[in-house]
Amino acid sequence: MEYTTFTIKAVILLVALLLARQEVSATQSWVSSLYQPGVDSIEIVRSALDGRSQLSYDCHKVLSQLLANHTDPDVLQYFDSWGRVGSGRIVGHSRYPGNYDECMHVKSSLLPQLKTKYCTASLTIPGSTPLQLGVCSPQQCTPEDLSQLYNISVQDTTVSVTCQSQDYKLPPGSIVTLTVVGLVILIAVAATVCEGIFQILKSRSESSGNDDSSSFSSMKNEFPLKYILCFSLYTNTLKTLSTSQPPGAIGCLNGIRVFLMTWVILIHSFIFNFMFISDYPQLQTDLMSQPATRVLLSLFLPIDSFFHLGGLLVTYHQLKSLAKTKPKVSSFFKSLPTLYLQRYIRLTPAYAFMILIWTSLMWYAWDGPYWIIPNPVRTMADTCVDKWYLNLLYVNNLFNPWFSCVGWSWYLANDMQYFLIAPFIVYAFYKSPKIGTAVCSGTILISTMASIGVSHQQGYPFVGEISAIYTFKANPYGEVLPFYFAPWVRYQPYGVGILSGFAVWKLKDMKYKLPQKYNILLWCAATCLCVSVVYAPHAAFMGRHVISMAENDIYNGFARLAWTVGASCVVISCSLGQGGWINEFLSWRIFVPLGKLSYCVYLIHLPVIYILALGARTGTYYSTLMFTKDVIAAIAFSYLMAIPFSLLFEVSFSNFYKLIPTAQQLKMKIVGKAKDPSESCSAEKQLNGSFHLMNVSSDKNQ
């Protein structure tokens, strides 16, 4: 009886085990169908070595050795570093980079010659979202070999593999760049030491009662010391971090510049983090549905605001200079070459060093699973090798700007081109406000018509989201010179800035104060215009409204105009001291040094974002908090890196340029040698105003 009972229990247990095994097998089959690429790396290699693959001899040999010794802890590290499909697949998680650092540091006493490289396998599976898996590959294996590994393990899958180059030996161009940058740093250190010695000697002289300040000043002005001291980090730091402002400065513009630069970094951080490392597509959908995100996705607004500030400052400063010197037409035209040269030398050294560093050194700045071809760093660096001269001529925005060297520098090219015509419009304002207003309004009207025409011809969508619906075929990328970059399209804000600069100069010169009701009206107009530009098309952004061609053209033609008119209302009110607490905040002295850094921040902020984004080790399940953390890091690092960059390549070369004798100074020396004093005075009077614009600060960051 007991034997029979035991037999029954054994049979029942056996049946239960078989059923459980069948259930587990079915579950595993379901999981396998859902996570097809999630085959263990050892099994992938074993499948490829069983005779079904045609691996190269060297790759087959080293993989066989690895598989034979896979129980060794060091070799197991190699297999452990591969990317495997994990959680979140159903909600769109598609990037599994594995462990990059673990892969790159594989060392085994059993295989002392083993060297690895990091690769990424992109798998396109029918009926499923694409996958990207990290692959730790021996150096002997080619991308074609690795493709076969997955083609055998995962059926009906299209596989492409890209491997990172392991040749980190600096080419001659990079060595030259390091030498040049090192030389500038060496000169800066030497200048700082000299400055320190002078300061010590001067303080000792003053403490001992000997007033030798004049002798020290004369020594500092001797050649070549005065040129070397242009690079003094001590003096340049004091100048850069100073919160003092020249008389007549518009204080609120410092805060506006910092705000706009922060906005630019915010937008670019959003784009590149979600483009390269974000692995939570649902967050993008959630963010698009939030009204606050409209500010984040209004890509053109901060750049148009910078154009507006550029036109305003050029006009305001030049009108102040013209009012003092009262030059004739001939003197004005004679001053233009010097004005353009000053502008070029003011901007170009830092810009040129940015291009040089980007082209030669940026690729070697970091590594990681996302630091891989196709990489925007490498792509743009290759473009710079062939087309760097277009950037230094400030015409790179006219030659296929989607694939230009240092792509974000299209703004500098547009701004320089606008600056070439601005002095003529400003001089027209000086001679006759009515003529100036008519000329400037005419240029804005032409730009508005061009915006509508180009928008219609190209079908450029003002809504970039996938959810937007059009009655026409939207084409944001297909043109050689797209709507987004065309200088005749982007001129509107600059022209409005010129009008605003004239209004500010005239009102401040008259010491005019707006009546309270008109001031309130300005702020109401600014609020209505700016909020309308951002939020009026919200339904279209969300796909709840079908966008017609006429609506698209109207928005593209007038949105920039409306935004900058609203911004002008704010600037005019604040410049007259009637902006209340907003003006007090924007005029806060802490924004003065930060505003001075905005040019260099703009130059280097995208390299900083690239390093932070592409240097990530894993894909990120982005949340609002995580994104905020990354944006704060990008802003902080951009401003911190801009300080030494500005001191070395902007302020130093600007100081150096100021010491070069101008044509006016050379002629004045000749005048000073005239024997007849009356002749000397006459000659000096004739030269007065010829270069009246020489010391005008026309750059937006001054």
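Residues numbered from 1 in each chain as written. Predicted model: local features only at pLDDT ≥ 70, side-chain atom pairs only at ≥ 80, totals over all residues. Heavy atoms only, no water.

Novice: Account for the overall build of the chain, with residues named and values stated.
Specialist: Helices and strands together make up the secondary structure of the chain, namely 28 helices and six strands. Here the chain holds 702 residues, and 48% of them are scored as buried. When contacts within the chain are restricted to residue pairs at least 6 apart in sequence, long-range pairs at least 24 apart make up 79% of them. Accessible area of the chain: about 34,000 Å², with a carbon and sulfur share of 66%. (Helix = DSSP H or I, 4+ residues; strand = E, 2+ residues; numbered from the N terminus. Buried < 20%, exposed > 50% of the residue type's maximum accessible area, 1.4 Å probe, protein only. Contact = heavy atoms within 4.5 Å. Areas by Shrake-Rupley, 256 points an atom, 1.4 Å probe, with all protein chains shown as cover.)

Novice: For the pattern of salt bridges, give the residues involved together with the corresponding values.
Specialist: One pass over the structure, following the stated rule, counts seven salt bridges. Between D415 and R343 there is a salt bridge; the shortest N-O distance is 2.5 Å. Of this pair, D415 sits in helix α17 (residues 410-431) while R343 is found in helix α15 (residues 329-360), placing the two residues 72 residues apart along the sequence. Note on D415: relative accessible area 5%, which makes it buried. Taking relative accessible area as the criterion, R343 reaches 3% and is therefore assigned buried. A salt bridge links R346 to E650; the nearest nitrogen and oxygen atoms lie 2.8 Å apart. (Salt bridge = Lys/Arg side-chain N within 4 Å of Asp/Glu carboxyl O.)

Novice: How would you explain helix α14 (residues 300-325) if you had to name every residue and give the values?
Specialist: Over its 26 residues, α14 runs 38 Å from end to end, which matches the ideal 38 Å to within 8%, given 1.5 Å per residue. Of all 26 residues in α14, 21 are buried; the element is thus mostly enclosed. Immediately beyond the C-terminal end of α14, within one or two residues, lies K326, with a positive phi of roughly 45 degrees. (Expected span 1.5 Å × (residues − 1).)

Novice: Lay out the pairing of strand β2 (residues 116-124) with the relevant residues and their values.
Specialist: Counting buried residues in β2 gives seven out of nine residues, a clear majority hidden from the surface. Bridging between β2 and strand β3 (residues 131-138) involves eight bridges; their strand directions are antiparallel. Note that in β3 the partner of C119 across the bridge is V135. Relative to strand β4 (residues 158-163), β2 runs antiparallel, the two sharing six bridges. Within β4, the position partnered with A121 by the bridge is V161. (Pairing = 2+ DSSP bridges.)

Novice: Summarise the state of the cysteines; cite the residues concerned and give the values.
Specialist: Disulfides are covalent bonds that connect the sulfur atoms of two cysteines. Overall, the coordinates contain four disulfides when judged by the stated rule. Between the sulfur atoms of C384 and its disulfide mate C405 the distance is 1.9 Å. Disulfide C384 to C405: torsion about the S-S bond roughly 90 degrees, handedness right-handed. Of the two residues, C384 sits in helix α16 (residues 376-392) while C405 sits in the loop between α16 and α17, which places them 21 residues apart along the sequence. A single burial state applies to C384 and to C405, both of which are buried. Here the disulfide map of the chain reads 1-5, 2-4, 3-6, 7-8, the bonded cysteines being numbered as they appear in the sequence. (Disulfide = S-S within 2.5 Å.)

Novice: Explain the sheet that holds β2 to me, and be specific about the residues and the numbers.
Specialist: Taken in spatial order, the four strands line up as β1-β3-β2-β4 in an open sheet, and their pairing is mixed. Because the sheet does not close on itself, it has two edges, and the strands there are β1 (95-96) and β4. Contacting β2, β3 and β4, helix α6 (residues 143-153) crosses the sheet at an angle of about 145 degrees to β4. (Axes fitted to C-alpha atoms, helices over the stretch in contact; angles between N-to-C directions.)

Novice: With reference to specific residues and values, describe helix α20 (residues 516-535).
Specialist: Helix length check: α20, at 20 residues, gives a terminal C-alpha distance of 28 Å against a target of 28 Å (1.5 Å per residue), a fit within 8%. Within the span of α20, buried status applies to N519, L522, A526, C530, V533 and V534. In an axial view of α20, the angular spread of the buried residues amounts to 100 degrees, which keeps them on one side of the axis. Turned more than 90 degrees off the buried face of α20, the exposed positions are Q516, K517 and L521. (Arc of directions from axis to C-beta.)

Novice: Explain a nonpolar patch on the surface to me, and be specific about the residues and the numbers.
Specialist: Taken together, the side chains of I185, V189, V193, I197 and L201 make up a nonpolar region of the molecular surface, amounting to roughly 390 Å² of accessible area. You can call V189 partly exposed: its relative accessible area is 43%. (Patch = residues over 30% accessible without salt bridge, like charges linked within 9 Å, V, L, I, M, F, W, Y side chains within 5 Å.)

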